[in-house]
Amino acid sequence: MTDVPVSRIRNFSIIAHIDHGKSTLADRLLQVTGTVSAREMKEQFLDNMELERERGITIKLQAARMTYKAQDGQTYVLNLIDTPGHVDFSYEVSRSLAACEGALLVVDASQGVEAQTLANVYLALENNLEIIPVLNKIDLPGAEPDRVKQEIEEIVGLDCSGAVLASAKEGIGITDILESIVYLVPPPSDTVKERLRALIFDSYYDPYRGVIVYFRVMDGTVKKGDRVRLMASGKEYEIDELGVLSPNQIQVEELHAGEVGYLAAAIKAVEDARVGDTITLSTAPASIPLPGYTEAKPMVFCGLFPTDADQFEDLREALEKLRLNDAALQYEPETSSAMGFGFRCGFLGLLHMEIVQERLEREYDLDLITTAPSVVYKVTKLDEEEIYIDNPSLLPDPQYREKIEEPYVQVDMITPEEYVGTLMELSQSRRGMFKDMKYLAQGRTTLSYEIPLAEVVTDFFDQMKSRSRGYASMEYHLIGYRENPLVKLDILINGDRVDPLATIVHRDKAYYVGKALVEKLKELIPRHQFKIPLQASIGSRIVASEHIPALRKDVLAKCYGGDISRKKKLLQKQAKGKKRLKAIGTVDVPQEAFMAVLKL
Amino acid sequence: MSLPDRSSLSFSLDASDVDVADLGIPTAVYVHIPFCRRRCFYCDFPIAVVGDRPPLSRQENTDPRSFGTIEEYVEILCQEIRATLSGGRSLDTVFFGGGTPSLLTVEQLEQILITLDRQFSISANAEISMEIDPATFDLTYLQGCKAAGVNRVSLGVQAFQAELLAACGRTHTPDDIYAAIDMIHQVNLANFSLDLISGLPHQTGERWQDSLQKAIALAPTHLSVYDLTVEPGTAFDRWYQPGLAPLPSDETTAQMYRLAQQILTEANYDHYEVSNYAKSGYQCRHNRVYWENRSYYGFGMAAASYVTGQRFSRPRKRREYFQWVQELVCRGGAIDSPITPPTEMLLDTLMLGLRLAEGISLRDLAEKFGASVVEQVLICLQPYQMQGWVERSKATRQALNRLDAKIERGDRLRLTDPEGFLFSNVVLTTLFEQFT
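Sequence order as written defines the numbering, with residues in each chain counted from 1. The lettering of chains begins at A and the numbering of ligands begins at 1, in the order of writing. pLDDT decides what is reported in this predicted model: residues at 70 or higher carry local features, side-chain atom pairs at 80 or more are listed and counted, and totals for whole chains, interfaces and linings draw on all residues regardless. With hydrogens and water set aside, each side-chain value is computed from the structure's full complement of heavy atoms.

## Structural notes on the overall build of chain A
Starting at the N terminus, helices and strands are each numbered in turn, a helix being any DSSP run of H or I of at least four residues and a strand any DSSP run of E of at least two. Assigned secondary structure in chain A consists of 13 helices and 33 strands. Relative accessible area decides the class of each residue, using a 1.4 Å probe on protein chains only: under 20% of the type maximum gives buried, over 50% gives exposed, and in between gives partly exposed. Buried residues in chain A amount to 57% of all 600 residues. Considering only contacts in chain A between residues 6 or more positions apart, those separated by 24 or more positions represent 70%. As displayed, chain A has an accessible area near 25700 Å², and 48% of this comes from carbon and sulfur atoms. Only heavy atoms matter for contacts: two residues are in contact if any of them lie within 4.5 Å across the pair. Using a 1.4 Å probe, the Shrake-Rupley method yields the accessible areas, and only the shown protein chains count as cover for residues.

And the structure:
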């Protein structure tokens with residue numbers, strides 16, 4: 001790696017909706033710049049796909065350094081910094097963008113701008129990035145670059161006259177993209193002489209080398225062996241290894257302002273080197289850190305309980321290990337009379353929650369019961385004390401509280417016109433307040449609502465997708481807390497109150513939710529040899545009740561030669577289901593029941 | 001036709017006679033005849049509906065989409081039999097099931113039996129059973145079947161009320177049932193069984209009792225009494241919801257099950273399997289092979305077989321089955337199917353053996369799978385013993401938890417009748433949970 005002047009560095013990221021071709025384009029750029037050979041490319045591309053399928057969005061190409069000889073005869077260093085593609089991780093996105101001077105806005109020319117893309121474009125604009133529109137997939141018969149250009153201009157307000165027409169798959173327009181990056185994206189400011197400030201935009205835990213930190217040097221110079229301080233965490237480390245990503249890690253001795261690289265310094269957990277933190281030198285520290293650092297704040301909480309009480313310690317260990325690599329994950333032990341010992345866990349959002357759950361079950365082989373997600377409520381007690389409640393069963397009784405406030409988000413949706421009605425209906429049924437609606441080109445519409453987060457973390461996304469036949473997309477961000485007449489709805493199974501099933505709902509919806517919930521539980525809880533009453537109550541008042549009739553028989557009438565395999569499968573299925581039952585008193589409750597409130 | 005007369009030879013196989021050293025070479029054959037006049041509303045078997053007209057012969061059948069002729073099917077079936085490797089043991093039971101085997105001509109039936117005899121040799125005292133449906137045969141036909149070697153018939157009665165028969169899509173009437181029984185008596189087929197179904201739409205406790213009493217009055221040697229299962233994909237599945245009208249409630253059908261047990265036991269029928277009753281000496285030897293988890297050959301479309309530890313189900317579609325037979329011939333009769341692993345074998349043994357009133361021999365279980373397996377089974381079934389669903393026969397009602405108690409010969413584990421049988425899935429699910 002040769003030294004490169006700041007004026008010939010370009011740092012950029014790619015903003016794109018899922019399936020609009022981001023990975024293909026990234027791969028193509030690596031290939032055309034000769035960073036990765038065609039043969040390697042194929043392997044890498046496949047590996048990536050597999051990993052992504054395996055682990056959702058957590059695995060990504062974090063950064064890649066490319067050298068590109070431009071048409072002006074000069075050789076440039078282009079650093080591609082990748083961004084996660086989901087709203088749960090918008091903080092990480094904002095830090096990645098802060099490490100860049102420009103961004104490619106990749107839009108599928110046969111589709112158009114999606115809500116998530118839009119949210120990231122706004123983040124890029126906030127960070128003063130030069131945005132280069134790229135219309136991808138122009139080789140497709142359904143491509144309408146003019147319509148999509150018009151749409152980008154209307155929604156984003158971005159001049160699209162210089163938009164690049166490309167097909168990453170076919171290799172069309174790749175050079176144009178590279179040239180645009182060189183000419184349109186400004187070089188980093190030359191602050192090599194200043195004190196070191198480097199922005200952490202990603203990190204992961206490596207069991208052999210400790211945390212590997214990805215950063216962009218904003219000011220000054222950093223060398224291997226330097227003693228550095230992380231300004232937010234206050235911790236100090238000596239750099240064991242310094243390098244660039246090309247995209248494989250290649251060690252270097254020194255990196256200066258404008259460059260992107262990684263370091264290893266025997267850091268024990270990612271929480272010690274969080275995204276957004278500033279790296280400076282211990283010996284000559286910068287006076288102020290880079291702006292924009294915030295600690296990850298969980299928005300959604302749920303209880304995780306092992307089905308088998310013996311797995312509690314395993315669960316603790318697994319969470320500890322996951323946290324090494326996931327600073328946003330919070331957990332603390334929780335005990336429930338119904339569920340035994342487990343953990344109350346906090347997540348950035350629903351996707352984050354699902355990823356963690358999935359990894360615990362698959363990578364750590366745990367059988368878990370997850371309780372329905374809850375948001376964090378702000379409760380003011382009569383003595384004016386404010387407390388935050390992330391577990392509905394802990395809500396103080398009405399006589400002790402003055403008011404409850406709940407978090408609200410602004411939900412922005414982009415949808416074909418014909419689904420506007422049904423999406424408005426959906427938003428209103430979730431206590432949404434209409435904010436704005438705009439008609440875009442070609443019958444597409446943006447729709448904005450303010451909705452309580454609690455109503456969004458249920459099945460809002462699925463509902464939006466199914467009502468729009470998959471065409472609508474959405475994005476949301478927190479806008480603050482608002483007071484509402486909220487009540488705690490308790491569920492009683494066989495006369496026993498079941499804490500993990502308690503929910504906080506709007507007073508006006510309590511009756512409906514209670515009724516729907518007991519009906520759903522009736523479907524989900526298997527019959528027992530006795531009749532099981534199911535009740536929903538607010539305080540001591542029963543608002544809905546149902547019962548599960550007693551099991552009268554459970555027998556396979558016929559079982560002959562040809563039937564054996566089929567009947568056996570039935571029994572195996574039943575046995576498997578039984579393994580995932582949690583005994584609540586004398587009633588065995590299946591895992592899905594604890595999520596029932598999401599499926600009303 | 002040179003088969004020996006075996007019409008008078010039929011006896012039940014006592015548990016102690018079970019060949020412990022069953023090497024996986026079958027002495028039982030199941031033959032599937034996948035033709036019916038129409039499909040019953042509860043049926044999900046792979047069959048071809050041939051309608052009320054007698055099936056066309058091959059020369060007349062020019063429609064390439066049709067199922068083809070029964071004649072063609074029988075030829076392919078016989079090819080399959082001839083291609084199958086014989087293990088050198090002669091056949092003790094042959095069972096013609098369907099579908100409606102009585103849609104075969106006597107000649108076709110003979111052809112199949114002769115082919116089986118040449119390939120494997122049918123024992124002189126073999127049980128040769130055939131399912132027959134009322135209104136599908138006449139006296140001459142039945143005589144022909146008997147002459148061909150059939151010595152046990154199972155008549156698909158299902159119910160004795162015209163409305164109930166119509167409601168489940170049967171083609172016959174109560175009169176057809178009586179006519180069929182008359183013919184069975186006339187040809188002196190002493191060993192015959194009747195099938196009945198409880199839990200049919202519009203069926204009531206009284207109607208069920210009526211059917212049971214009418215069945216007893218016909219003095220069959222054997223009765224199969226099935227609680228209706230609404231199988232996915234059937235007409236009933238599309239029309240009804242289990243437990244909801246017009247289907248009787250679970251409470252009612254559970255009562256029907258208990259009623260059958262009571263009435264039939266009083267009439268001297270031994271409730272020897274979850275859904276089967278027999279006069280002394282008339283248990284179905286063929287079906288016991290399944291429940292004792294012994295081997296059997298299977299021939300015909302969709303037929304399952306269990307040979308030398310390999311379970312295999314033939315293709316469920318005619319064309320694929322025909323194709324498969326051609327391949328079998330080319331391979332010289334080898335079936336490439338995995339050997340059932342021990343755990344699966346254990347689960348099969350438990351799931352099937354506990355269907356029998358006599359249950360499973362703990363000694364055999366210990367010999368095959370080890371003493372610790374028996375221990376685990378006993379521990380995991382303790383709660384059900386207390387509930388009165390499971391009992392241990394020998395050692396004078398030894399408590400299940402007396403694990404140190406010596407397992408003696410004849411010490412058996414079984415479900416109680418009727419309560420244990422009624423909840424057998426609950427017990428089995430626990431065992432499956434334990435061993436998977």
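## Describing the interface of chain A and chain B
Interface size is often expressed as the accessible area that is lost when the parts come together. Taken together, the contacts link 25 residues of chain A with 41 residues of chain B. Simply put, the buried area is the total loss of 1.4 Å probe accessible area from both parts when two parts are fitted together. When chain A packs against chain B, the two sides together hide about 3200 Å² of surface, and 53% of this comes from carbon and sulfur. Sorting the residues of chain A by area buried against chain B places A:R552, A:K553 and A:Y560 first, and these three jointly supply 21% of that buried surface. Between Lys or Arg on one side and Asp or Glu on the other, a salt bridge is scored when a side-chain nitrogen of the former is within 4 Å of a carboxyl oxygen of the latter. Here chain A and chain B share 9 salt bridges between them. As a salt-bridge pair, A:R552 and B:E251 come within 3.1 Å of each other at their nearest N and O atoms. Within 3.5 Å is the distance limit for a polar contact, defined as a pair of N or O atoms, with the added protein rule that one can donate a hydrogen and the other accept it, and that residues adjacent in sequence qualify only through two side-chain atoms. In this structure, the connection of chain A to chain B is made through 21 residue pairs in polar contact (both at pLDDT 80 or more). Any residue outside Ala, Val, Leu, Ile, Met, Phe, Trp, Tyr, Cys, Pro, Asp, Glu, Lys and Arg is labelled polar, Gly included; the first ten of those are nonpolar and the last four are charged. Tallied by class, the residues present in the side of chain A that touches chain B amount to 9 nonpolar, 6 polar and 10 charged.

## Overview of the pattern of salt bridges
Following the criterion strictly, the structure yields 62 salt bridges over all chains and no others. Note that A:K435 is salt-bridged to A:E450, the shortest N-O span being 3.5 Å. Here A:K435 is found in strand β24 (residues 433-439), whereas its partner A:E450 is found in strand β25 (residues 444-452), with 15 residues between them in sequence. A cluster of three or more residues bridged by salt bridges with shared partners is formed by A:D563, A:R566, A:K567, B:D44 and B:E231.

## Quick look at unusual backbone geometry
With the exception of glycine, most residues fall at negative phi, and the peptide bonds are largely trans. A:S246 connects to A:P247 through a cis peptide bond whose omega is -15°. When you line up the elements, A:P247 lands in the loop between β12 (241-245) and β13 (249-251). A cis amide bond, omega 10°, links B:A245 with the succeeding residue B:P246. If you trace the backbone, B:P246 turns up in the loop between α7 (235-239) and α8 (250-266). In this structure, B:N188 is a non-glycine residue whose phi angle is positive, near 60°. Turning to its location among the elements, B:N188 is positioned in the loop between α5 (174-186) and β7 (192-198). The exposed category is assigned to B:N188, whose relative accessible area is 54%.

## Details of the sheet that holds strand β15 (residues 390-392) of chain B
Residues and elements named next belong to chain B. One open sheet accounts for 3 strands, arranged β14-β16-β15; its pairing is antiparallel. The outermost strands of the open sheet, each flanked by one partner alone, are β14 (360-361) and β15. A strand pair is defined by DSSP finding two or more bridges across the two strands. As defined by bridge partners, β14 adjoins strand β16 (residues 412-415) across 2 bridges and the pair is classed as antiparallel. The residue of β16 that forms the bridge with S361 is R412.

## Topic: the nonpolar core
Throughout this description, the term nonpolar core refers to a set of buried Ala, Val, Leu, Ile, Met, Phe, Trp, Tyr and Cys residues connected via side-chain atoms within 4.5 Å. One finds B:F96, B:I112 and B:L116 to be the most contacted residues of the largest nonpolar core, which totals 87 residues. Other than its neighbours up to four places away in sequence, B:L116 contacts B:V29, B:V31, B:I81, B:L91, B:V94, B:S121, B:I122 and B:F299. With 79 residues, the next largest nonpolar core counts A:Y377, A:I504, A:I525 and A:A536 among its residues.

## Let's talk about the sheet that holds strand β10 (residues 227-230) of chain A
Sheet strands pair via backbone hydrogen bonds, and the direction of the pair is either parallel or antiparallel. Residues and elements named next belong to chain A. Across the sheet, which stays open at both edges, the 8 strands sit in the order β11-β10-β16-β7-β8-β15-β12-β13 with antiparallel pairing between neighbours. Strands with a single pairing partner mark the edges of an open sheet, and in this sheet they are β11 (236-238) and β13. On average, each strand axis in the sheet is tilted by 40° relative to the strand beside it, whichever way the strands run. Axis definition: a line fitted to C-alpha atoms, over the contacting stretch in the case of helices. Angles run 0 to 180 degrees between N-to-C directions. Against the sheet, helix α3 (residues 90-98) touches β7 (197-206) and β8 (210-219), its axis set at about 130° to β7.

## Let's talk about α3(A)
All names here are of chain A. Of all 9 residues in α3, 8 are buried; the element is thus mostly enclosed. Along α3, the residues classified as buried are Y91, E92, V93, S94, R95, S96, L97 and A98. On the buried face of α3, the contacting elements are β1 (9-16), β3 (75-81), α4 (115-126), β7 and β8.

## Digging into the layout of surface pockets
Cavities and pockets were defined on a 1 Å grid built over protein atoms only: a cavity is a set of grid points that admits a 1.4 Å probe from which the probe cannot escape, a pocket is an open set flanked by protein on both sides within 12 Å along at least five of seven lines, and lining residues are those with an atom within 4 Å of any such point. Grid points are joined across faces, edges and corners, and a volume is the space filled by probe spheres set on the points. Taken as a whole, the largest pocket holds about 2000 Å³ of empty space. Lining the largest pocket are 49 residues; nearest its centre among them are A:L551, A:K553, A:D554, A:Q574 and B:N425. Of all the secondary-structure elements, those providing two or more residues to the lining of the largest pocket are α12 (507-524), α13 (564-579) and β33 (587-590) of chain A together with α8 and α16 (424-435) of chain B. Within the lining of the largest pocket, the residues separate by chemical class into 20 nonpolar, 14 polar and 15 charged.

## What to know about the packing of aromatic side chains
Two rings from Phe, Tyr or Trp (for Trp, the six-membered ring) form a pair when their centres sit within 6.5 Å of each other. Planes less than 30 degrees apart are called stacked, planes more than 60 degrees apart edge-to-face, and all others tilted. This model, assessed by the stated rule, comprises 32 aromatic pairs over all chains. When the ring of B:Y297 is compared with that of B:F299, the centres are 5.9 Å apart and the planes differ by 15°; the resulting orientation is stacked. Among the residues examined, B:F299 registers a relative accessible area of 1% and is labelled buried. Feature note: the residues A:Y560, B:Y226, B:Y272, B:Y290, B:W291, B:Y296 and B:Y306 constitute an aromatic cluster, connected by ring pairs. Only when the NZ atom of a Lys or the CZ atom of an Arg is both within 6 Å of the ring centre and within 35 degrees of the ring normal do we say a charge sits over the ring. If you follow A:K558 out to its NZ or CZ, it ends over the ring of B:Y226, 4.6 Å from the centre.

## Observations regarding the side chain of A:E406
All names here are of chain A. Note that E406 resides in strand β23 (residues 401-416). Within the structure, E406 has its side chain in polar contact with the side chain of N484 (distance 2.7 Å). In this structure E406 touches Y377, R431, P452, A454, G480, Y481, R482, N484 and L486, once residues within four positions along its chain are discounted.

## Side note on empty space enclosed by the protein
As enumerated under the stated definition, the model contains 4 cavities of 30 Å³ or more in all. Roughly 40 Å³ of internal volume is contained in the largest cavity. A:L556, B:V274, B:M351, B:L354, B:R355, B:L415, B:S424, B:N425 and B:L428 together form the lining of the largest cavity. Looking at the lining of the largest cavity element by element, the count peaks at 3 residues for α16(B). Split into classes, the residues belonging to the lining of the largest cavity amount to 6 nonpolar, 2 polar and 1 charged.

## Overview of the environment of A:R541
Looking at the secondary structure, you find A:R541 in strand β31 (residues 541-548). For the pair A:R541 and A:L489, spaced 52 residues apart in sequence, the C-alpha to C-alpha distance is 10.0 Å.

## Thoughts on the environment of A:D159
All names here are of chain A. Within the secondary structure, D159 sits in the loop between α5 (145-156) and β6 (164-165). Between the C-alpha atoms of D159 and I132, which are 27 residues apart in sequence, the distance is 9.3 Å. Those residues in contact with D159 that lie beyond four places of it in its chain are P133 and E153. Side-chain polar atoms of D159 contact the backbone nitrogen of S161, separated by 2.9 Å.

## Notes on the environment of A:P333
Residue and element names in this part refer to chain A. Secondary-structure assignment places P333 in strand β18 (residues 330-336). Judged by its relative accessible area of 54%, P333 falls in the exposed class. Linking P333 and L304, residues 29 residues apart in sequence, is a C-alpha distance of 9.4 Å. Dropping the residues within four chain positions of it, P333 is found in contact with G342 and F343.

## Observations concerning the pairing of β16(B)
In the sheet, β15(B) pairs with β16(B) via 3 bridges, with the strands oriented antiparallel. Counted as the bridge partner of B:R392 is B:L413 from β16(B).

## Remarks on the pairing of β10(A)
Residue and element names in this part refer to chain A. Across the two faces of β10 the burial differs, with V228 and L230 buried and R227 and R229 not buried at all. Taken together, the 3 bridges between β10 and β11 define a ladder with antiparallel strand orientation. Across the sheet, R227 pairs through a bridge with E238, a residue of β11. Between β10 and β11, which pair antiparallel in sequence order, lie 5 residues; one of them, G234, sits at a positive phi of approximately 75°. With 3 bridges joining them, β10 and strand β16 (residues 278-281) adopt antiparallel strand pairing. Of the residues in β16, the one forming a bridge with V228 is L281.

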